[in-house]
Structure formats: C-alpha cells, structure tokens
Amino acid sequence: DIQALSNCGSDLDLFYAVSRLKIACEMVNRQSLLSQPPSLEVLPAIIELSKAKPISGHPLLVLYHKVYDLISSQEDLLFAELEHLLRENSKRVAPEELHTILSYLHNYAAAQIRRGGEKYWGMAHRLNVFAAENGVLEKSGQISSSQFNNIVNAACLCKDLKWAISFIKKYKPLLPDSIRKDTVALADALVLFEKKEYRNAVHKLADAAFTDLHHAIRSKSLILRSHYEMNDENFDVDESCAAFEIFLKRQQKPNRAAVAATLNFVKIVKKLKRQSQDKQRIINEIENTNPLYFRPWLLEKAAEYKPKPRAGNYRSSPAQG
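A brief structural summary. Residue numbering note: each chain is counted from 1, following its sequence as written. In keeping with the model being predicted, local features are shown solely for residues with a pLDDT of at least 70 and side-chain atom pairs are shown and tallied solely at 80 or more, while totals for entire chains, interfaces and linings include all residues. Heavy atoms throughout the structure, all of them, feed into the side-chain values; hydrogens and water do not.

Let's shift gears to helix α3 (residues 59-73). Helix and strand definitions follow DSSP, with helices as H or I runs of at least four residues and strands as E runs of at least two, each counted in order from the N terminus. Here the expected span of a helix is defined as 1.5 Å times the quantity of residues minus one. Relative to the 21 Å expected for 15 residues at 1.5 Å per residue, α3 spans 21 Å between its end C-alpha atoms, a close match to the ideal helical length. Categorising residues by exposure relies on relative accessible area from a 1.4 Å probe, with only protein chains included: less than 20% of the type maximum marks a residue as buried, more than 50% marks it as exposed, and the intermediate range marks it as partly exposed. Counting buried positions over the 15 residues of α3 gives eleven, a clear majority of the element. Among the residues of α3, Pro59, Leu60, Leu61, Leu63, Tyr64, Lys66, Val67, Tyr68, Leu70, Ile71 and Ser72 are the ones counted as buried. A positive backbone phi angle near 60° is found at Gln74, which sits one or two residues after α3.

So this is what it looks like as structure tokens:
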C-alpha cells in the first residue's frame, strides 16, 4: 500500500523532528537555568524537515518550536503566543505533553519574577487554572509539594482565594503521604495571610517542619511578615531576623539566588522596623534591589512607613521667669 508507506514515512519524519526539538528545548532550558548563553542553533535539517507539508502544522511541532524560540530569545511576546497556542490545541495534545510544555512556561515565568517581573504571577496563575481545567495534574497521579505550594502562592498573590481554597481541597490527596500534612499547612497559611488572619497563619505553621529550602524560606518569611503586620510587641524582630540570616547563610550553596533574594528581604524588613532611615531612600532600595523576594509587600509597608523623629530635632522652650 503506497499511501500507507507514505504516511509511515511522514510519521517517522514527525517523530524525529519533534524528538529533536524536545532535546533542543531541554538543552536551552538547562543553559538558561545555569545562566549560560543559549545555543541558538537547532539543526538546520530539523527546521527544514518541520516545514514539510505533511507535518508542518502538527500541534506538537508548532508548540515545541515556539517553546524553543521563547527560551532562547527571552521575548515576552512569545509567552503570550505560546499560551494562546496551548489553549487552541488543548483538546488535541495529550496531558503529558501539556504538562511538559507548561513546565517550561513556569520555569520562564519564575525566572522573570526573580528579575522583578511581578506581572508574571498573573501569567503563572492563568497557566495553573488552565492545567487544572484540562486534567494535567490528575494525569500525573501525584503532585510535588513544591508544585502544590507554588500554585497556591500564585493564586493568593492574584487574590483568587476562592480558587486557591478549592485547589487545596481537591488536590491535597495527590500529595505523597509523608509530606501532605506540612505541605497543606503551608498552603492554608498562605491563604490565611492574604485574608489578613495573621495570628491564625502563624498558628498553622507552629508544628510544621520543612527540609526543602524553598518551603522553609516561604514559611519563615510568612511568620516574620505576620508578626510585622500584627505589630506584636512580644515578638523580637531583630532577634528573629538574625536567626533567619544565620539559617540562610548556611544554605548558600547551591541555592545562591533564593538565599540572596531572601537575605535582601530580611535586610529591608529590619530597616522598616527600626524606622531610622528616610522613607524615599527605603522605597528606592526596594525598587532597585535584585534579586528580592516579596517586593510588592515591602513596597506596601514602605508606603505606610514613618521614620522615628531623630534626637535633637526638638528644642525645649527657654525658661520663663
């Protein structure tokens, strides 16, 4: 059957082209994570092959080609194009492939957030809603604690608390038994913090222990911010910050970016609490410091900031008599 042989040949071409593009995407993604300059060459033969009429419009070929372009060029416009293509092809692409492509988009969004691109929280949340709507998470059979709390955190920062609460309830059974309790406690605390129930948020984390550095950072930072919000006189901010800094400095390798962003956060919290610096100077520091975690919250606190009057600013009235 000549037609069957022709179809088989096209399928093999498609399989080869998609597989090579997947490898290229993974290579350029690793280079990006390691801050290495991207290798901008996908084998010219693959590009030419992907233009062949029988396979040129295949969703996987189009999607992975766009992923490669996004990671290698770092052009924000391609992120929106890729998100649109995913939605357009959601029923034609297997959940496993959707999961892989969404992972690349999340990595890209996370990198932009670390560089101060706060708008990417909204983009990340949209991707998470899309993944839930298309059964991507259920298909994997299990969800990691990092993925679970990243999803909840993005929803909270976008003030979509109703969705976050619904997500926690629906997906917590997919967490491994050994980490479920502490992971859900952190997720619940994130929601409580956004609801301004600061004391309840601290209480939720009282017995939680995290071996994962990013969870520990999120938990300790949330406790620190909650006490700051409560203006708790029984809580020594300087002592807490000092202990936090010691913990972070022990974790610097191989987590330098996360540690640096958190140390910068702690340094600014101390300045806000001491109230000894000029307001505009602190705002400028928040806006210009990179990397920095919790920038929007710090800017919100800086807007409310009032420095303490300096000694010697007031003169006593001359004695009368």
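Read on for the rest.
Secondary-structure assignment places Ser221 in helix α12 (residues 213-230). Residue Ser221 is classed as buried on the basis of its relative accessible area of 0%. Note on contacts: a residue pair qualifies if any of its non-hydrogen atoms lie within 4.5 Å across the two residues. Discounting chain neighbours no more than four positions away, the residues touching Ser221 are Phe244, Thr262, Phe265 and Phe294.

What follows covers unusual backbone geometry. Backbone torsion omega between Asn290 and Pro291 reads -5°, so that peptide bond is classified as cis. You can see Pro291 is positioned in the loop between α15 (279-288) and α16 (295-303). Within the chain, Lys196 stands out as a residue other than glycine whose phi angle is a positive 65°. Along the chain, Lys196 turns up in the loop between α10 (177-194) and α11 (198-204). For Lys196, a relative accessible area of 58% gives the class exposed. Located in the positive-phi region is Asn231, a residue other than glycine, with phi close to 50°. Of note, Asn231 is situated in the loop between α12 and α13 (237-249).

Our next topic: the nonpolar core. We call a set of buried Ala, Val, Leu, Ile, Met, Phe, Trp, Tyr and Cys residues a nonpolar core when their side-chain atoms join them within 4.5 Å. Formed by 57 residues in total, the largest nonpolar core has its most connected members in Phe148, Val152, Phe167, Val269 and Leu298. The residues touching Val269, leaving out its near neighbours within four places in the chain, are Leu224, Tyr228, Val237, Cys241, Trp297 and Leu298. Listed in part, the 37 residues of the second largest apolar core include Ala17, Val67, Leu70 and Leu98.

Okay, the side chain of Asn153 next. Locating Asn153 in the fold gives a position in helix α8 (residues 145-157). By relative accessible area, Asn153 is classed as buried at 12%.

Turning our attention to the pattern of salt bridges. By convention in these notes, a salt bridge is any Lys or Arg side-chain nitrogen within 4 Å of a carboxyl oxygen on Asp or Glu. Going through the model one piece at a time under the given rule, you end up with 18 salt bridges. A salt bridge links Arg87 to Glu83; its shortest N-O distance comes to 3.3 Å. Here the residue Arg87 and the residue Glu83 both occupy positions in helix α4 (residues 76-88), the gap between them amounting to four residues, near one helical turn. Take Glu83: its relative accessible area is 7%, and that puts it in the buried class. Several salt bridges converge on common partners, so that one network encompasses Glu229, Glu300, Lys301 and Glu304.

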